[in-house]
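One letter stands for each residue in the lines below.
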2 protein chains.
Amino acid sequence: MNNFRFKNPVELLFGKGQIANLQKRIAPGTRVLMTYGGGSIKRNGVYEQVMAALKDCEVVEFGGIEANPDYATLMKAIEICKTRNIDMLLAVGGGSIIDGTKFIAAGSCFEGDPWQLMGGRATAVKALPLATVLTLPATGSEMNCGAVISRRETREKLVFNSELVFPQFSILDPEVVYSLPNRQVANGVVDIYAHTLEQYLTTPNHTRVMDRWAEGLLQTLIEVAPRLLHEGQRDYNDCADFMLTATMGLNGFITMGVDEDWATHMIGHELTALHGLDHGVTLAMVYPGVMDIMRREKEAKLLQYGERVWGISEGTVDERIDAAIRRTEEFFSSVGMKLRLSDYGIGEETIRTIVDRFRQRGWNIGEHGIVTPEKVEAILRRVM
Amino acid sequence: MNNFRFKNPVELLFGKGQIANLQKRIAPGTRVLMTYGGGSIKRNGVYEQVMAALKDCEVVEFGGIEANPDYATLMKAIEICKTRNIDMLLAVGGGSIIDGTKFIAAGSCFEGDPWQLMGGRATAVKALPLATVLTLPATGSEMNCGAVISRRETREKLVFNSELVFPQFSILDPEVVYSLPNRQVANGVVDIYAHTLEQYLTTPNHTRVMDRWAEGLLQTLIEVAPRLLHEGQRDYNDCADFMLTATMGLNGFITMGVDEDWATHMIGHELTALHGLDHGVTLAMVYPGVMDIMRREKEAKLLQYGERVWGISEGTVDERIDAAIRRTEEFFSSVGMKLRLSDYGIGEETIRTIVDRFRQRGWNIGEHGIVTPEKVEAILRRVM
């Protein structure tokens, strides 16, 4: 097991009716910037519940944060925070809204261009406090201190981490899942599945506990996904388990003492930056490629994954790995994902652009930098 | 899934050499009361490492805290905190030391007799900050806000909970496990196993995630216990997994949205209070009795436990439950536990005393109070 440091101070309020607790958590008179997206919260009742709970606060609304939140949009919110003396931020939405709100929180207190915070070029030293009401389980942003921000003008998508942007609390009411479109559920399922793999499919024999916990999340997703995507009213416990896997999949709880990969995410971010694809869509395409191309480096963990998650115990090493990849692809297909770049009209030119970018940045990604630009190229060709 | 609130702000520093980080975490000049037990830390090198890291602090030592820490002992430490203006407490030891230190932390700031804090009769409103260096994996106290304190003069053992006594940080160096006697490892294994069962063997279908995570801890313990108790040098990763199961077994990470039991612990506490038995020893005796006597109420979870943890899938419902109980007993025996009260000369009189105490306190224990005093009697007779 690797040495590790762990700290996650986020308070979760999980379950039915928890939005009303906002009233107890945010003092009357607080100047709150409430951030949200395209307005789905006005259709599913969440907006009314939040506004009712904040009736004694001074609420400034900032809607219109897009999926893959854009630097230009967020800079407008930062301006509002400064001119309106905002005390705290309340993100009401999914991962994009929460990520964007983290950038607003740190950017409002940053001297200079906040884009410097992205990719680790500058460090945040102060941030506005923030809290969240989650409306879309997927990214785990409600219980971590990371954010992914896009900049459309330069077609970039970069990561930012700071313990200053841990939410003070996050409200997770699984009832918001009832009305989610299947496409968003599918994106969430694949995103959580990929987060878990990034923290699991690396070095063997690091820790039995984390292995079991990661496998438990994968098994849960495999069990609930078809139930959530079935016709008819969704079951509360299915929604709750889906929401719980999302939060537990990226809050540090399964990453104690283990190596992490994140190559699939880094490659997927480029595909989104260049072509605007849904994050989940990119992961569903790239992960099977990573498994295939990195099969020697990840052999032991791929075999364990195949056996424990999919029950694959027969055949040669390569047959078992092939079967594990096939089952993964079938699972992603079963939730509605396409598996080839060509399904989205993406080809040679994009592969060259991505590989060039990684070369220019000097990025060897994956655990211990094993995913070189050459491997990235092979991975993208594998899923072309 | 039940609604739940979760918050655990404890910082973990886990791994080899982490004790040296005390120096970064505790400011020079801080007046630290360092609490410990019978002196094993002076034999395994931990004492020297701690003192070296605290060389710029004003350290007051308080050794001699016993297993099942005693009220009378802890009151002496509270007196020292008051007279010496102690700024913070550093517990260096296992669960008894850490639990005792939590009581000292809250008791030092309590108006009146701190025994009032036990069993929920009074609420702590302030506590001294505390941190821990764990030397014996078992209770999870290093990452929770509970404590169990004994009072030998009245032969009582009661529980205290307050978020004020979450450790600020806990240092977990698995190398301390190398030199632990088998008896302490065995007690730890059974304690962690029982903690996990208390949060798992209750209501079915609450949440798949927590079920998988609890099962993962049990599977890990079953795998590492024989390796730790084997002759010869212990393996680092086995020690690390053992330590991680202890912390993860009672820090709230496996109890989100589920019913909890704790009947076995409540009964076990009485056996320790009356006869001075090791905590783990009492749990190994009582748990099979709880499984047997509560088999109808816990049927679904007992079957799931048997199947997922022990691979039992054949036979009638009762045959499968019998097999699950037998495997549990065999596991406890395999680490060196005796399974009958009579092995310790305990009989009829003690059973009557315990059942009378529960009746007098009006205690119906277990999830939803299903373990009535009558059930407690049947459980104790089953393991007589």
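This section reports on the structure supplied with the text. (Residues numbered from 1 in each chain as written. Chains lettered and ligands numbered in written order. Predicted model: local features only at pLDDT ≥ 70, side-chain atom pairs only at ≥ 80, totals over all residues. Heavy atoms only, no water.)

**What to know about the overall build of chain A**
Filter applied, for reference: Under the scheme used here, helices are H or I runs from DSSP no shorter than 4 residues and strands are E runs no shorter than 2 residues, and both carry numbers assigned from the N terminus. Our radius of gyration is a C-alpha quantity, and the globule rule it is checked against amounts to 2.2 Å times the number of residues to the power 0.38. To sort residues, take the accessible area from a 1.4 Å probe on protein chains only and compare it with the maximum for the residue type: under 20% means buried, over 50% means exposed, and anything in between is partly exposed. Note on contacts: a residue pair qualifies if any of its non-hydrogen atoms lie within 4.5 Å across the two residues. Throughout, the Shrake-Rupley method with a 1.4 Å probe supplies accessible areas, and for residues the shown protein chains are the sole cover considered. His residues and chain termini do not enter the charge count, which takes Lys and Arg as positive and Asp and Glu as negative. By convention, the point assigned to a charge is CZ for Arg, NZ for Lys, CD for Glu and CG for Asp.
Looking only at helices and strands, chain A features 14 helices and eight strands. Over its C-alpha trace chain A gives a radius of gyration of 20 Å, about what one expects of a compact globule, namely 21 Å for 384 residues. Projecting the C-alpha coordinates of chain A onto the three principal axes gives extents of approximately 65 × 45 × 45 Å. Buried residues in chain A amount to 62% of all 384 residues. The long-range fraction of contacts in chain A, counting pairs at least 24 apart against all pairs at least 6 apart in sequence, stands at 77%. For chain A, the exposed area adds up to about 13800 Å²; of that, 47% sits on carbon and sulfur atoms. Positive and negative side-chain charges in chain A, numbering 41 and 49 respectively, have mean positions lying 2 Å apart.

**Thoughts on the pattern of salt bridges**
To be explicit about the condition: Criterion for a salt bridge: a side-chain nitrogen of Lys or Arg within 4 Å of a carboxyl oxygen of Asp or Glu.
Considering all chains together, one arrives at 62 salt bridges over all chains under this definition. The shortest N-O distance in the salt bridge between Arg357 of chain A and Glu270 of chain A comes to 2.8 Å. Of this pair, Arg357 of chain A sits in helix α13 (residues 348-361) while Glu270 of chain A sits in helix α9 (residues 263-275), and the two are 87 residues apart along the sequence. What makes Arg357 of chain A buried here is its relative accessible area of 14%. Here Arg183 of chain B makes a salt bridge to Asp278 of chain B, at a shortest N to O gap of 2.7 Å.

**Focus on the sheet that holds strand β2 (residues 31-35) of chain A**
Our working rule: Here, a strand pair is defined by DSSP locating no fewer than two bridges between the strands. Structural elements are reduced to axes, namely lines fitted to C-alpha atoms, with helices fitted over the stretch in contact, and the angle between N-to-C directions of any two is expressed from 0 to 180 degrees.
Spatially, β3(A)-β2(A)-β4(A)-β5(A)-β8(A)-β1(A)-β1(B)-β8(B)-β5(B)-β4(B)-β2(B)-β3(B) is the arrangement adopted by the 12 strands of the open sheet, whose pairing is mixed. Two strands bound the open sheet, and with one partner strand each, they are β3 (58-62) of chain A together with β3 (58-62) of chain B. On average, adjacent strands in this sheet sit at an angle of 25 degrees to one another, irrespective of strand direction. Strands in contact with helix α4 (residues 71-83) of chain A are β2, β3 and β4 (88-93) of chain A; relative to β3 of chain A, the strand with the most contacts, it is inclined by about 160 degrees. Taken strand by strand, helix α8 (residues 236-249) of chain A contacts β1 (4-14), β5 (130-134) and β8 (169-172) of chain A together with β1 (4-14) of chain B, and its axis lies near 150 degrees from that of β1 of chain A.

**Section: empty space enclosed by the protein**
Residue and element names in this part refer to chain B. Applicable threshold: Put simply, the grid is 1 Å and covers the protein atoms alone, a cavity is a trapped set of points that fit a 1.4 Å probe, a pocket is an open set with protein on both sides within 12 Å along at least five of seven lines, and lining residues have an atom within 4 Å of a point. Grid points are joined across faces, edges and corners, and a volume is the space filled by probe spheres set on the points. Under the scheme applied, nonpolar residues are Ala, Val, Leu, Ile, Met, Phe, Trp, Tyr, Cys and Pro; charged residues are Asp, Glu, Lys and Arg; polar residues are all the others, including Gly.
Across all of its chains, the model carries one cavity of 30 Å³ or more by this definition. In this structure, the largest cavity is lined by Gln199, Tyr200, Thr202, Met210, Asp211, Ala214, Ile254, Val258, Asp259 and Lys301. It is helix α6 (residues 208-229) that provides the largest number of residues to the lining of the largest cavity, a total of three residues. Residues belonging to the lining of the largest cavity are distributed by class as follows: five nonpolar, two polar and three charged.

**Comments concerning the relation of the copies chain B and chain A**
How we decide: Least-squares fitting of one copy onto the other uses the C-alpha atoms of those residues that reach a pLDDT of at least 70 in both copies.
Each copy superposes on the other: chain B lies on chain A with an RMSD of 0.0 Å after a rotation of 180 degrees and an axial shift of 0.0 Å. One copy is carried onto the other by what is essentially a two-fold rotation axis. Of every C-alpha in chain B, the one belonging to Pro9 of chain B sits nearest the axis of rotation, 2.2 Å from it. Looking at chain B, 100% of its interface residues are interface residues in chain A too, so the copies touch through the same face.

**Focus on the pairing of strand β2 (residues 31-35) of chain B**
Residues and elements named next belong to chain B. This is how the line gets drawn: Crossovers are marked right-handed if the path from the first strand over the helix to the second runs clockwise, as seen with the strands pointing away from the viewer.
Counting buried residues in β2 gives four out of five residues, a clear majority hidden from the surface. Summarising the sheet, β2 and β3 pair through five bridges and their orientation is parallel. Looking at β3, one finds that Thr35 is bridged to Phe62. Read from β2 through helix α2 (residues 46-53) to β3, the crossover connection turns out right-handed. Where β2 meets strand β4 (residues 88-93), four bridges bridge the pair, whose relative direction is parallel. Looking across to β4, one finds that Thr35 is bridged to Ala91.

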